[in-house]
Structures are given as C-alpha cells and as structure tokens.
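Descriptive structure summary
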Amino acid sequence: MMSLGPYASFIIASYVLVAAVVLLLIIWIAIDHRRVRARLHALEQAGMGRRSGRGTTDLK
C-alpha cells in the first residue's frame with residue numbers, strides 16, 4: 001500500500017467527507033426528482049397541461 005505520510009488521516013478524512021457529500025447530493029436529487037414528478041402528475045390529473053406540448057398554431 002502507498003504511504004501517505006504524516007497527512008494520511010487528513011487525506012483519508014477528506015476523501016470520506018467528499019464521498020459522503022456526493023452521496024447525499026445524489027440521494028437528495030433522486031428524492032427531489034420523484035417529488036417533482038409526482039407533483040407534475042398531480043397537476044396533469046387536475047387538468048393542467050404542459051405548455052411545451054402545444055404547437056404555435058394552438059395558441060389563441
């Protein structure tokens with residue numbers, strides 16, 4: 001194994017912290033994605049349509 005020198009604990013702690021933050025961000029994004037999709041589905045069920053689904057000739 002490679003020797004990290006006197007700063008080994010700092011280097012390892014930094015990598016662990018960064019990995020934890022990235023993992024938390026991935027989890028947060030996945031949860032938010034599901035929440036937004038559920039909200040969009042609820043709005044569509046209530047009769048709201050997507051504006052991007054209309055063509056330019058549909059606008060009045």
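The structure presented is a predicted model; accordingly, all values stated were derived computationally and were not measured.

**Describing the overall build of the protein**
- Of regular secondary structure, the protein possesses one helix and zero strands.
- Of the accessible surface of the protein, which amounts to about 6000 Å², a share of 67% is contributed by carbon and sulfur atoms.

**What about helix α1 (residues 8–45)?**
- Here α1 contains 38 residues, and its C-alpha end-to-end distance of 56 Å stays within 8% of the 56 Å for a straight helix at 1.5 Å per residue.
- Positive phi appears at G47, one or two residues downstream of α1, with a value of about 105°.

**Digging into the pattern of salt bridges**
- One pass over the full model with this rule turns up one salt bridge.
- In this structure, R35 engages D32 in a salt bridge whose closest nitrogen and oxygen atoms are separated by 2.6 Å. Of this pair, R35 and D32 are both found in helix α1, three residues apart, which corresponds to roughly one turn of the helix.
- What makes R35 exposed here is its relative accessible area of 53%.

**Here's the deal with a nonpolar patch on the surface**
- A grouping of L17, V21, L25, W28 and I29 is seen on the molecular surface, where their side chains present a nonpolar patch of about 550 Å² in accessible area.
- Mapped onto the elements, W28 comes out in helix α1.

Calculation rules
- Residues numbered from 1 in each chain as written.
- Predicted model: local features only at pLDDT ≥ 70, side-chain atom pairs only at ≥ 80, totals over all residues.
- Heavy atoms only, no water.
- Helix = DSSP H or I, 4+ residues; strand = E, 2+ residues; numbered from the N terminus.
- Areas by Shrake-Rupley, 256 points an atom, 1.4 Å probe, with all protein chains shown as cover.
- Expected span 1.5 Å × (residues − 1).
- Salt bridge = Lys/Arg side-chain N within 4 Å of Asp/Glu carboxyl O.
- Buried < 20%, exposed > 50% of the residue type's maximum accessible area, 1.4 Å probe, protein only.
- Patch = residues over 30% accessible without salt bridge, like charges linked within 9 Å, V, L, I, M, F, W, Y side chains within 5 Å.

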